[in-house]
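These are the residues of each chain, in order.
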Amino acid sequence: MIKINLVREGRTVRGAGAAPGAAAISSAGPANLNNILVMIFLVLGIVGAGGWWFITNNTRKEKEATVASKEVEAKRLDSIIKEVEDYTHRKESLQKRIDLINQLKQNQKGPVKVMDRISQDLPDLVWLDSMNMQGGVIDLEGRGLNPNAVANFVDNIKNDPLFEEPELSHLTQASQVPLFYSFAMKFHFAYAKAEGGATGASGSTTGTTTGTTTSTSTSGTSGTSSTAGKK
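Residues numbered from 1 in each chain as written. Predicted model: local features only at pLDDT ≥ 70, side-chain atom pairs only at ≥ 80, totals over all residues. Heavy atoms only, no water.

Draft legend 1. Representation of the overall build of the protein. Of regular secondary structure, the protein possesses three helices and six strands. By the burial criterion, 21% of the 231 residues in the protein qualify as buried. Partitioning the intrachain contacts of the protein with sequence separation of at least 6 by distance along the chain shows that 58% fall at a separation of at least 24. Total accessible area on the protein is roughly 16200 Å²; 59% of this is exposed by carbon and sulfur atoms. (Helix = DSSP H or I, 4+ residues; strand = E, 2+ residues; numbered from the N terminus. Buried < 20%, exposed > 50% of the residue type's maximum accessible area, 1.4 Å probe, protein only. Contact = heavy atoms within 4.5 Å. Areas by Shrake-Rupley, 256 points an atom, 1.4 Å probe, with all protein chains shown as cover.)

Put into structure tokens, the structure is as follows:
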């Protein structure tokens, strides 16, 4: 009679059947690990790319904002520069006007001084018909009741520090009734020497006093002389 141990065989069969499944699991393990590593690297790459894009985008925006602010500042500075240039031009124009006014005043100083001093040097019994000043040279024409009065006028001009040596061109009797003599005299204006200047100021009045005419008259023998007009 033959006996079969089913328990042992069943165990053996179950053990034999379990071996192929374990081998399959053990062989699939490295493949799954590789897939996991690939996924990890892929996620890290995506995260890195996203971070790089985020940083780059922020940097670009900051640069654009900086450029925009610089442009606004440049426009503001341009307006300020334009205002400064306008102010400089106005200042230069005003300075030129001031210089011109000062020059005109300086040019007028000589003729006014000349007329005042000639009026002071004019003696009694002598009056002027015309006075012309050009280039520092003064030409006078006038009349006197006698030659001595005219000679006194010549001496007064000669002794005046504002004028140089006078030259009497002529002295002639112009009328019998009433009796008077006409004369013409020329001399130079030495204003700069009288003021202690280094250069002749008479040259500064060249062309500015051309045609200046002064007439003076005397009233009787009272010794009063007055300037009649200027043209």
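Draft legend 2. Fine view of the sheet that holds strand β3 (residues 167–175). If you trace the four strands from one edge of the open sheet to the other, you get β1-β2-β4-β3, paired in antiparallel fashion. At either margin of the open sheet sits one strand with a lone partner, and together these are β1 (126–134) and β3. Geometrically, the sheet is characterised by an average inter-axis angle of 15 degrees between neighbouring strands, direction not taken into account. As paired strands, strand β2 (residues 137–144) and strand β4 (residues 180–188) are joined by eight bridges and run antiparallel to one another. Of the residues in β4, the one forming a bridge with Glu141 is Ala184. (Pairing = 2+ DSSP bridges. Axes fitted to C-alpha atoms, helices over the stretch in contact; angles between N-to-C directions.)

Draft legend 3. Representation of unusual backbone geometry in the model. With an omega of -10 degrees, the peptide bond between Val177 and Pro178 qualifies as cis. Phi angles above zero are rare outside glycine, and Leu125 is one such case at about 70 degrees. Considering the arrangement of structural elements, one finds Leu125 in the loop between α1 (6–121) and β1.

As far as function goes, none of this settles anything; it's purely spatial.
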